[in-house]
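So you can see what is in the structure, the chains are spelled out below.
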Amino acid sequence: MTAQIIVDFKENPSTVNWYVVDDVVMGGRSSGTFDLTDEGYGKFSGEVSLENNGGFSSIRYDIKTLPVNSNNTIRIRLKGDGNPYQFRIKDKRRQYYSYIKTFKTSGDWQTLEFRLKDFYPTFRGRELDLPNFNHDTIEELQFLIGNKKPQAFKLLIASIELVD
């Protein structure tokens, strides 16, 4: 098994190409931020609000085109706050839908592994009648919180790897 580092905040402490997308794009009032901690982690945190039909906050990372196959696995080292989140990928940055996997955080450091072929397509919270991920590239990674309730959140990210 070989692993290719996509993100490692301790080795490369940078937020370049990471950006927040909240429900404010549709009139909501949620507010997320993304920055680096003194300990060398990426920190996605903020408040999800249901005001004005809101309800989500996300961070996105535009990456150089990453060659993949559907048998690859994404390995993520993170520490959450006990809330469920989504990890999302796009094979093309401008594609309107994402492929997602949901996961629950424990409050402790976790290493999560997701097979690319298990990511399913969604758009605005609805599953699409399309095949699971079966592409040969990834151009965007995302973390999203949207649990249909107002809540504070904090997710620390140490690293993201592509595993053969």
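Scroll up for the structure.
Cut-offs applied
Residues numbered from 1 in each chain as written. Predicted model: local features only at pLDDT ≥ 70, side-chain atom pairs only at ≥ 80, totals over all residues. Heavy atoms only, no water. Helix = DSSP H or I, 4+ residues; strand = E, 2+ residues; numbered from the N terminus. Buried < 20%, exposed > 50% of the residue type's maximum accessible area, 1.4 Å probe, protein only. Polar contact = N/O pair within 3.5 Å; in protein donor to acceptor, adjacent residues only side chain to side chain. Contact = heavy atoms within 4.5 Å. 1 Å grid on protein atoms, 1.4 Å probe; cavity = no way out; pocket = protein on both sides within 12 Å on 5 of 7 lines; lining within 4 Å. Points joined across faces, edges and corners; volume = space filled by probe spheres on them. Nonpolar A, V, L, I, M, F, W, Y, C, P; charged D, E, K, R; others polar. Salt bridge = Lys/Arg side-chain N within 4 Å of Asp/Glu carboxyl O.

### A closer look at unusual backbone geometry
And then number 1: One non-glycine residue, Asn 52, adopts positive backbone phi at about 55°.
And then number 2: Its location among the elements puts Asn 52 in the loop between strand 4 (42-48) and strand 5 (57-67).
And then number 3: Judged by its relative accessible area of 43%, Asn 52 is partly exposed.
And then number 4: Phi at Arg 124 takes a positive value of approximately 50°, unusual for a residue other than glycine.
And then number 5: Here Arg 124 shows up in the loop between strand 10 (120-123) and strand 11 (126-127).

### Looking at the side chain of Ser 58
And then number 1: Position of Ser 58 relative to the elements: it lies in strand 5.
And then number 2: Of note is the side chain of Ser 58, whose polar atom sits 2.8 Å from the backbone oxygen of Val 21.
And then number 3: With residues up to four places along the chain from it excluded, the contact list for Ser 58 reads Tyr 19, Val 20, Val 21, Asp 22, Phe 44, Phe 143 and Leu 144.

### Some details on the layout of surface pockets
And then number 1: Each pocket or cavity is described by its volume, and for the largest pocket that value is around 790 Å³.
And then number 2: The wall of the largest pocket is formed by 35 residues, among which Phe 56, Arg 88, Arg 124, Gly 125 and Leu 144 lie closest to the centre.
And then number 3: Sorting the residues of the lining of the largest pocket by element identifies strand 2 (18-22), strand 7 (84-90), strand 8 (98-104), strand 10, strand 11 and strand 12 (137-145) as the ones contributing at least two each.
And then number 4: Its residues assigned to classes, the lining of the largest pocket comprises 12 nonpolar, 12 polar and 11 charged.
And then number 5: One number sums up the size of the second largest pocket: a volume of about 340 Å³.
And then number 6: Taken together, 17 residues make up the lining of the second largest pocket; nearest its centre are Ile 6, Val 7, Asn 12, Tyr 61 and Ile 63.
And then number 7: The set of elements that each furnish at least two residues to the lining of the second largest pocket consists of strand 1 (3-8) and strand 5.
And then number 8: Among the residues forming the lining of the second largest pocket, the class breakdown is 9 nonpolar, 4 polar and 4 charged.

### Things to note about the pattern of salt bridges
If the charged atoms of two oppositely charged side chains come close together, the side chains can form a pair.
And then number 1: Under the defined criterion, the tally for this structure stands at 7 salt bridges.
And then number 2: Note that Glu 139 and Arg 93 form a salt bridge whose closest N and O atoms lie 3.7 Å from each other. In this pair, Glu 139 sits in strand 12 while Arg 93 sits in the loop between strand 7 and strand 8, placing the two residues 46 residues apart along the sequence.
And then number 3: On the accessibility criterion, Glu 139 (11% relative accessible area) is buried.
And then number 4: The exposure class assigned to Arg 93 is partly exposed, which follows from its relative accessible area of 30%.
And then number 5: Through salt bridges with shared partners, a single network forms among Asp 62, Arg 93 and Glu 139.

### Some thoughts on the environment of Leu 144
And then number 1: Relative to the helices and strands, Leu 144 is located in strand 12.
And then number 2: Through-space distance from the C-alpha of Leu 144 to that of Phe 56 is 7.0 Å; in sequence the pair is 88 residues apart.
And then number 3: Excluding residues within four positions of it along the chain, Leu 144 makes contact with Phe 56, Ser 57, Ser 58, Tyr 85, Gln 86 and Arg 88.

Worth remembering: the numbers are spatial, not functional.
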